[in-house]
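Examination of the molecular architecture
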Amino acid sequence: MASRSPDKPIDKQQLVAQLRTILSSASIIHETEALRPYECDGLSAYRQIPLVVVLPETEAQVLKIMQLCHRRNIPVVARGAATGLSGGALPLADGVLLSLAKFNRILDLDPLDRSARVQPGVRNLAISEAAAGHGLYYAPDPSSQIACTIGGNVAENSGGVHCLKYGLTVHNILQLKVVMADGELVTIGSEALDTAGYDLLALMTGSEGMLGIVTEVTVRLLPTPQRAQVMLAAFDDVETAADAVGALIAAGIIPAGLEMMDGLALRAAEDFVHAGYPTDAAAILLCEVDGTNEEVSAATMRVRKLLLAQGAREVRTAKTEAERITFWKGRKNAFPAVGRIAPDYYCMDGTVPRKRLGEVLTTISGLSERYQLPVANVFHAGDGNLHPLILYDANQPGELQRAEDLGADILELCVRVGGTITGEHGVGHEKMQQMCVQFSAAELNQFRALKAAFDPQALLNPGKAIPLPRHCSEYRSLGGELLTRPGARQEASN
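The rules behind each value
- Every chain's residues receive numbers from 1 upward, in the order its sequence appears when written.
- With the structure being a predicted model, the display of local features is reserved for residues of pLDDT at least 70 and the display and counting of side-chain atom pairs for 80 or more, all residues being used for whole-chain, interface and lining totals.
- By convention in this description, side-chain values take in all heavy atoms of the structure and omit both hydrogens and water.
- A score between 0 and 100, pLDDT records how confident the predictor is in each residue.
- We call two residues in contact when some of their heavy atoms are within 4.5 Å.
- Here, strands pair whenever DSSP counts at least two bridges between them.
- Each helix is a run of H or I in the DSSP string that is no shorter than four residues. Each strand is a run of E no shorter than two, and both are numbered from the N terminus.
- Here an angle of 0 to 180 degrees is reported between the N-to-C directions of two axes, which are lines fitted to C-alpha atoms, with helices fitted over the stretch in contact.
- When the centres of two rings from Phe, Tyr and Trp lie within 6.5 Å, Trp using its six-membered ring, the rings pair. Their planes under 30 degrees apart give stacked, over 60 give edge-to-face, and anything left gives tilted.
- Each residue is placed in one exposure class: buried if its accessible area under a 1.4 Å probe, protein chains only, is under 20% of its type's maximum, exposed if it is over 50%, and partly exposed if it falls in between.

The subject of this paragraph is the confidence of the model for the chain. Mean pLDDT over the chain: 94, with 95% of residues reaching 70 or higher. Between residues 481–494, whose pLDDT stays under 50, and residues either more than four places distant or in other chains, the model counts 30 contacts.

In structure tokens, the structure reads:
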């Protein structure tokens, strides 16, 4: 069959009939009401009902679906658990949404090789649960690890609380099986520690479903530390707490986890989880050290002394494993906790140099006042990965737009101080304009050329992550080139 012209509407009934030669009717969703649960990911401000949703169960079915879509020139968006926060899994009205929810099996777990081979729909936390009996675990632990899947983690190069010491997803995977846009199955990486040729494993990790569809992941497993100890440090000033982060790293201390929450975020978490946080503090740091008993004892004393010297009014050490878990429970539930104090919130994701953390948080406070929208800050302080939560009410006219504009100013602030517009949530649909700020036209052209090398027909997750030249031209004509200081966006739009 000849490929469809991009300008010609897709015959939905014909497509469904062709899909039924590959999948059972129960694995094809095409009625409007049944499609609604798939209209967005975790960034619910953007919604689009897909043309068709398919739920394959085997790799062979994925191959045939992609071959059909490639032959008919139909775009495809892959979807995991849809916990993403950048609109990366936002479907297309004229495309197929390919859900990998049924790819949820751990295929092999090798304690001697310290690796596990899993399907992309396996939950992040389920890998560690399966490995626990062997004294092993999977290190990357996003806050959504109870629900997010390893395939989505690969797509976004997710991190988590312990990424400071143990690395991001890219540092903890060995091999991928990937279905290309034309339906060809390739293996990237290997079970060995290194692979000849270009590092396509790193390229595929964080590619946001634009280069291929992952159908299998081989992950590294690490020995569970003999002991882990967490300390809670309370501060009366947000900037002082932020400066203490840089001081810890400068002292040569690399904690397993180093997280920060400001007053608004910690009070919301305390009301929700009852973790024992000091609700009158302006900010808290959670610092965890792990290793042997001797290493942890020495590091705990050293960290405590340094935090007090840096202005902490109190440093509390978890006395039991249960208390350690509770301290982290408050942090990992901060996002839903903040959801209880506002009708809506917009979660941003940018990264800044640690030495600029205090300055950036102070500037965000000023932006919050300018836009008249509260901002709760909870983030991976150790690697400077910010997650400002902008509180708003979508039912109030103009508040969503103000939240988006505030978020854009925060991302451009990150670029201005030497950081980047995303740490782990990806660019997706959300940050396309900020790509025009961070990267030059020549750099964006290289990204487009790379995309075209893998997907010449631009069928995989089109319209995400990499803006077209005309989009950047339009953005800059509206004042994007002026965005070198807070408040410039509002001036440019007036």
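The next point concerns the sheet that holds strand 15 (residues 314–317). Taken in spatial order, the 7 strands of this open sheet run 15-12-14-13-18-20-16, and their pairing is antiparallel. The open sheet terminates on both sides in strands that have one partner only, identified here as strand 15 and strand 16 (344–347). Neighbour to neighbour, the strand axes of the sheet diverge by 20 degrees on average, direction disregarded. Here strand 12 (residues 227–235) runs beside strand 15; their pairing, made up of 4 bridges, is antiparallel. Bridging across to strand 15, L232 finds its partner in R316.

Further remarks concern the packing of aromatic side chains. A complete count under the given rule lists 3 aromatic pairs for this structure. On the basis of an interplanar angle of 85 degrees and a centroid distance of 6.4 Å, the ring pair of Y137 and Y166 is categorised as edge-to-face. Residue Y137 is located in strand 7 (residues 136–137), and its partner Y166 is located in helix 6 (residues 163–166); the two are separated by 29 residues in the primary sequence. On the accessibility criterion, Y137 (17% relative accessible area) is buried. Their ring planes at 65 degrees and their centres at 6.5 Å tell us that F335 and Y345 sit as a pair that is edge-to-face. Taken together, the positions of F335 in helix 12 (residues 334–338) and Y345 in strand 16 put the pair 10 residues apart, joining distant regions of the chain.

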